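A look at the structure
Here's the letter readout for the chains.
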Amino acid sequence: MRTVFSKSPSPARTTPPPSPPRQTFSESLIDEDIEAAQSIITKWDSSDSYSYRNIDYLFSQENRHEVKQYLNSIKHLQRAMQYFVSENPVAEKLVRAQNLMQTAMKRLQKEFYQILKSNRDHLDPESVSSHSSGASPSRSSISDFEDEFEYESRHENEVISEMERASTAAMVDLRTIADCMISAGYTKECVKIYKIIRKSIIDEALYHLGVERLTLSQLQKIDWEALEIKIKSWLNAVKVAVKTLFYGERILCDQVFSASSLRESCFSEISRDGAVALFGFPENVAKCKKTPEKMFRILDLYEAISDLWPEIESIFIFESTSAVRQTAVDSLVKLGEAVRAMITEFETAIQKDTSKSPVPGGGIHPLTRYVMNYITFLTDYSGILSDIVADWPLTVPSPLPESYFGSPDANESINSPVSVRLAWLILVTLCKLDGKVELYKDVGLSYLFLANNLQYIVRKVRKSNLRFLLGDDWVAKHEAKVQQYAANYERMGWSKVLASLPEDPTAAIPVDLVKDHFIRFNAAFEETYKKQSSWIIPEGKLRERIKLSLEKRIVPVYEEFYDNYGGVGLRKQTWNESIVRFAPEDLRNYMSDLFNGSCSSGSVSSNSSHGGRSH
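Everything numeric in this text was worked out from a predicted model, so none of it was measured.

**Describing the overall build of the protein chain**
For the protein chain, the count of helices and strands is 23 helices and zero strands. Looking at the protein chain residue by residue over its 615 residues, the buried ones come to 47%. A separation of at least 24 residues holds for 81% of the contacts in the protein chain among residues at least 6 apart in sequence. Counting only carbon and sulfur atoms, one obtains 51% of the accessible surface of the protein chain, whose full area is about 31400 Å².

Here it is in structure tokens:
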């Protein structure tokens, strides 16, 4: 019998299977996040991953709440992937999360593309720049997407245009998607889409503005009339391009991308080629053949870039866009060189004027008109001319004679570089006109020619910006010179008439001498009047001033002599009536006809008792 202490056989033992590891609370939450993310991501997954057409879009007005869910699911996926990478890099759940992330990024790529394409009108640079000073639509991260609804409600009652509202909404969505894709590591894909679409918009806008990419050789083959049209088109285009197109694009880049490096690279790649082509055009124009008539278009080009330089420097401030700034600077340099070359050519053209025909009647020489009109137009650009000639000192080839009023630099009223340069051009013209005097055989007419032309110059100075550049002292000095020329004309042109009258018209003189004085006066006056009947003084005030001066010098002396010896009773006692041919009033009448260039015959009556004029 077995006792309780006896050993009995033991039944066979089985090892229970190991229980699965218990999930942590964090893992269970991550699983739930992945499930939730898969639900909404697969809902918006397109069967055609590469087609951006014929699909419904998540970022539409009807799906704003799902947008928030979609973006939160991506954020949760990122957190899940970070957890699995640190805890179990080979976990199947990590692969699942990665696949879901790729699907989500493809969807966001399509959304990004669609917003850029469908909102071309709302995201055009003009719309973006027009309200850039308002509230910024940017947000610091995708976690702030819910702020959009507050943003919209805050502005619900504001009076803003539909275009501005659509533009702001589009920028908000683009910024949201960009932040999301960049944080998920899909920067390259996001930026590639943005650059392709926006660059095409910039290039298309420049094309519609008339900006052409012409080489120097192409420009040199274009005649000036056609090139001038292209310059006008460029002048209209450059203001829009800088103030609206590139400025708006810069704002859009700043609004869409948070990182400054991305803003720079995107804006640079989108705008650099177009901007270099835009600002390279003036430099090529400046390299073309230079003639004085091209001056004002060259100045227009210089002025346009100079005026826009603050904006150019601000918009293209990045190092990667330094080529744009340098191209604009190079254009300014070449345009300035072209202006200086054309001023030199203009001066040379004045000096080389070879016209040999005297101007009829001592009128205004064509050279005077051309030069003064040219210089007057130059004064409209005095500001930029000051920049251009600031470091270009005037080199006077030889000391100027005192008769030419001294060097412009010696005139205290002329102190700016542009004033000195323009005064010098006038001086060169006056010297050339002085040489034209030799074409006149009559000394009196030569002085009238000088008076007329200098008066024309002074009048042009008085009535233009030249007065402010040259100063009142310059004007006064040259007006005095006009009076000097006029006095010389009177002295030389009417010397025979004045010499035919007695020095003292009231003194008693023999009858034969009286008769001789009248005969000599008649002959001298007729000769002078006939000769000067075709002479002209175009400027009204100078014309009346010289007429009045001549009348005061001649008529009172003749009138006294006439009253003493030319009366009717005295004529009957001494000589034939034909000896006294002019009454004082006749002289006034004849003189009133002078200098208009319209005297009918240039002759006087030979049989009028009072010197009546023949017609």
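**Describing the packing of helix α21 (residues 540-565) against helix α23 (residues 584-592)**
How two helices pack is summed up by the angle between their axes together with the distance between the axes. Running from amino to carboxyl end, α21 crosses α23 at an angle of 160 degrees, the nearest separation of the two axes being 9 Å. When the axes of α21 and α23 are compared, the pair comes out roughly antiparallel. The two elements α21 and α23 cross, and the hand of that crossing is right-handed. The segment α21 lies against α23, with K547, L550, E551, I554, V555, Y558, E559 and Y562 engaging P584, L587, R588, M591 and S592. Within the contact of α21 with α23, the residues separate by chemical class into eight nonpolar, one polar and four charged.

**Observations regarding the nonpolar core**
Judged by nonpolar contacts, the single largest core of 172 residues is most densely connected at F112, Y194, F279, L299 and F525. Counting residues per element, this core draws most heavily on helix α9 (residues 224-256), at 15 residues. In this structure Y194 touches F112, L116, E249, L252, C253, V256, F257, C266 and I270, once residues within four positions along its chain are discounted.

**Topic: the pattern of salt bridges**
One pass over the structure, following the stated rule, counts 30 salt bridges. Of the charged contacts, one joins R297 and E228 as a salt bridge, the two residues approaching to 3.2 Å between their closest N and O atoms. With R297 in helix α11 (residues 295-315) and E228 in helix α9, this residue pair connects regions lying 69 residues apart in the sequence. Between R581 and E526 there is a salt bridge, and its shortest N-O distance comes to 1.8 Å. Taken together, the positions of R581 in the loop between α22 (568-574) and α23 and E526 in helix α20 (residues 511-532) put the pair 55 residues apart, joining distant regions of the chain. By relative accessible area, which is 12% here, R581 ends up buried.

**Some details on unusual backbone geometry**
For residues besides glycine, phi is generally negative; the peptide bonds are generally trans as well. One non-glycine residue with positive phi stands out, namely F595, at about 70 degrees. Its place among the elements puts F595 in the segment after α23.

**Considering the environment of L245**
If you trace the backbone, L245 turns up in helix α9. With 44 residues separating them in the primary sequence, L245 and I201 have C-alpha atoms 9.7 Å apart.

**Quick word on the packing of aromatic side chains**
On inspection of all chains with the given rule, the structure shows 29 aromatic pairs. Taken together, a centroid distance of 6.1 Å and an interplanar angle of 50 degrees make the contact between W494 and F525 tilted. One end of the pair, W494, is in the loop between α18 (472-493) and α19 (495-499); the other, F525, is in helix α20, and 31 residues separate them in sequence. The exposure class of F525 is buried, given its relative accessible area of 0%. Where F582 meets Y590, the ring centres are 5.9 Å apart and the plane angle is 85 degrees; that geometry is what we call edge-to-face. Since its relative accessible area comes to 0%, F582 is described here as buried.

**Brief notes about α9**
Counted at 1.5 Å a residue, the expected span for α9 with its 33 residues is 48 Å, and the 44 Å between its end C-alpha atoms agrees. The largest bend along α9 measures about 45 degrees and falls at A241.

**Quick notes on a negative patch on the surface**
On the surface, E503, D504, E560 and D563 cluster together into a patch of negative charge. Positionally, E560 belongs in helix α21.

Rules of the game
Residues numbered from 1 in each chain as written. Predicted model: local features only at pLDDT ≥ 70, side-chain atom pairs only at ≥ 80, totals over all residues. Heavy atoms only, no water. Helix = DSSP H or I, 4+ residues; strand = E, 2+ residues; numbered from the N terminus. Buried < 20%, exposed > 50% of the residue type's maximum accessible area, 1.4 Å probe, protein only. Contact = heavy atoms within 4.5 Å. Areas by Shrake-Rupley, 256 points an atom, 1.4 Å probe, with all protein chains shown as cover. Axes fitted to C-alpha atoms, helices over the stretch in contact; angles between N-to-C directions. Parallel < 35°, antiparallel > 145°, perpendicular 65-115°, else oblique. Left-handed = near helix turned anticlockwise from the far one by under 90°. Nonpolar A, V, L, I, M, F, W, Y, C, P; charged D, E, K, R; others polar. Core = buried A, V, L, I, M, F, W, Y, C linked by side-chain atoms within 4.5 Å. Salt bridge = Lys/Arg side-chain N within 4 Å of Asp/Glu carboxyl O. Phe/Tyr/Trp six-rings, centres within 6.5 Å; stacked < 30°, edge-to-face > 60°. Expected span 1.5 Å × (residues − 1). Bend = angle between axes of the 7 residues up to and from the residue. Patch = residues over 30% accessible without salt bridge, like charges linked within 9 Å, V, L, I, M, F, W, Y side chains within 5 Å. Lys, Arg positive; Asp, Glu negative; His and termini not counted. Charge placed at Lys NZ, Arg CZ, Asp CG, Glu CD.

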